[in-house]
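Given next are the chains, with one letter for each unit.
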Amino acid sequence: MQAQAIYGQEKAQSDLLNFYQSGHLPHAILMLGKEGSGGLPLAISFAQFLLCEQKGAQAEACGQCAACLKTKALVHPDLHFTFPSFPPKPGVKTNSKNFIREFREFFTKHPYGSVTDWLESIGAKDRQSGNISAEECKEMIETLSLKAMEGAYKIQIVWRPEYLGKEGNILLKLIEEPPSNTIFLLVAEQTDSVLETILSRTQLVRLQPMADEAIREILQNVYQVSEQDAARAAVLSEGNVAHALTVLQENESDWLQLIKDWFNGVFTYNGNLIGKWVDQVSKLPTVQLKNFLMYAQQLLGHTLRMSMIPGYQPALSAADAQFVQKLATRQFNYQTINQMDNLIGTAVYHVERNANAKVVLLHLSVAMQYALKGTKLSA
Ligand SMILES: [Zn+2]
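Please read these numbers as outputs of a predicted model, since none were measured by experiment.

Overview of the coordination of the zinc ion
Put simply, a metal with four donors set out as a tetrahedron has ideal angles of 109.5 degrees, and one with six donors set out as an octahedron has ideal angles of 90 or 180 degrees.
No. 1: Distances from the zinc ion to its protein donors, Cys 52 (SG), Cys 62 (SG), Cys 65 (SG) and Cys 68 (SG), fall at 2.3 to 2.4 Å.
No. 2: Counting along the primary sequence, the residues that act as donors to the zinc ion give the motif C-x9-C-x2-C-x2-C.
No. 3: Taking the relative accessible area as the measure of exposure, Cys 65 reaches 4% and is therefore buried.

So, in structure tokens, the structure goes:
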């Protein structure tokens, strides 16, 4: 469908292509996917496909024609963008046009960025929330009533219609009966905050939850993250590329070494080692500590699969994979690993609720020793 790569959204891509090929392209499509799953890149790549002047037999944008180049640079005159923003200075009304240059730059650098990332990049102060104004909605009606400048379509992308609020009602008639060859692509993360009246006038296309593998590819190919960092951040991403990038910024310490120290203390029942480890790890900020524990869970999961599935290849960095391989030779049974996984899960729960980190980690380490012995530590 597109010349630039889209990762992990094969189903949504084929839904969109089917609309086009069936000859019944809906004039308003709502692309729904959680933060960091690539709704905006998908909408732009579909716009590129629609506007491409030399669509190939493979139903793909050519990537070379003038229209493709303009779309990729987000400067095609028939491609319009609306996104959350705020007044750039007192007395000026909120309008995406005020920030279109910044938006092009932001998307080029950070195509999977969240609205928070976007608003921060244009200098939003203290969680200043963006919105899409009534003026902008009225302007949209005017712009789209004009003839297409160059392309066969006029395309209006609305990034996060949740930010329209009740102003969205201004657009109802436009969305229901748009001028000819006008396509609305609305990119949303949750339908709860989109006006019911808008929802009912759009064709829904659901994005899939992002698999770790797709996130790893995006981090490496789109963000030029090293293979090792990409593998580590992907498993902690919770299906969100923007979150994976945050994890990378936070994760400066060598977690693998910390996990080695910890397991070493636990497996050898060495209270001294555990004590030192608890002191060190309890100093991590809460979010990092939670991520660290979740990473330990991931490594245990890979260990279990490695000891049960012949030829299993974990999607991990070389160093992490080597560690997992070594750990798997200890021949843990399913129950032991499952129990350790549950214990870490409980610790994450307590850490998230700001329990004393030292107490949580010490209790966790002792409980894991009991799990190894095949007994339970009573809480
Ligand atoms: Zn083209």
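That covers the picture; the talk isn't over yet.
Here's the deal with a nonpolar patch on the surface
No. 1: A surface patch of nonpolar side chains, amounting to about 330 Å² of accessible area, comprises Met 308, Ile 309 and Tyr 334.
No. 2: What makes Ile 309 partly exposed here is its relative accessible area of 40%.

A few points about the domain arrangement of the chain
No. 1: Segmenting the chain into domains produces domain 1 (10–209), domain 2 (215–250) and domain 3 (255–373).
No. 2: Look at where the C-alpha atoms of domain 1 and domain 3 centre, and you get two points 43 Å apart.

Thoughts on the packing of helix H12 (residues 255–267) against helix H17 (residues 357–373)
No. 1: One way to put it is that H12 packs onto H17 with a least axis distance of 9 Å and a crossing angle of 55 degrees. As far as their axial angle goes, H17 and H12 are oblique. Handedness of the H12/H17 crossing: right-handed. For the pair H12 and H17, the contacting residues are Trp 262, Phe 263, Gly 265, Val 266 and Phe 267 in the first and Leu 364, Ser 365, Met 368, Gln 369 and Leu 372 in the second.
No. 2: Classifying every residue of the contact of H12 with H17 gives 7 nonpolar, 3 polar and no charged.

Observations concerning the nonpolar core
No. 1: By size, the foremost hydrophobic cluster in this structure holds 46 residues, and its most contacted members are Trp 262, Phe 263, Phe 292, Leu 293 and Ile 344.
No. 2: If you list the elements that add at least two residues to this core, you get H12, helix H13 (271–281), helix H14 (286–308), helix H15 (318–328), helix H16 (334–352) and H17.
No. 3: Among the elements that take part in this core, H14 stands out by supplying 10 residues, more than any other.
No. 4: A domain-level breakdown of this core finds at least three residues from each of domain 2 (215–250) and domain 3 (255–373).
No. 5: Of all hydrophobic cores here, the second largest spans 41 residues; its members include Leu 50, Phe 83, Phe 103 and Ile 157.

How each quantity is defined
- Residues numbered from 1 in each chain as written.
- Predicted model: local features only at pLDDT ≥ 70, side-chain atom pairs only at ≥ 80, totals over all residues.
- Heavy atoms only, no water.
- Donors = N, O, S within 2.8 Å, 3.2 Å for Na, K, Ca; no water.
- Buried < 20%, exposed > 50% of the residue type's maximum accessible area, 1.4 Å probe, protein only.
- Patch = residues over 30% accessible without salt bridge, like charges linked within 9 Å, V, L, I, M, F, W, Y side chains within 5 Å.
- Areas by Shrake-Rupley, 256 points an atom, 1.4 Å probe, with all protein chains shown as cover.
- Salt bridge = Lys/Arg side-chain N within 4 Å of Asp/Glu carboxyl O.
- Domains from an automatic or database assignment.
- Axes fitted to C-alpha atoms, helices over the stretch in contact; angles between N-to-C directions.
- Helix = DSSP H or I, 4+ residues; strand = E, 2+ residues; numbered from the N terminus.
- Parallel < 35°, antiparallel > 145°, perpendicular 65-115°, else oblique.
- Left-handed = near helix turned anticlockwise from the far one by under 90°.
- Contact = heavy atoms within 4.5 Å.
- Nonpolar A, V, L, I, M, F, W, Y, C, P; charged D, E, K, R; others polar.
- Core = buried A, V, L, I, M, F, W, Y, C linked by side-chain atoms within 4.5 Å.

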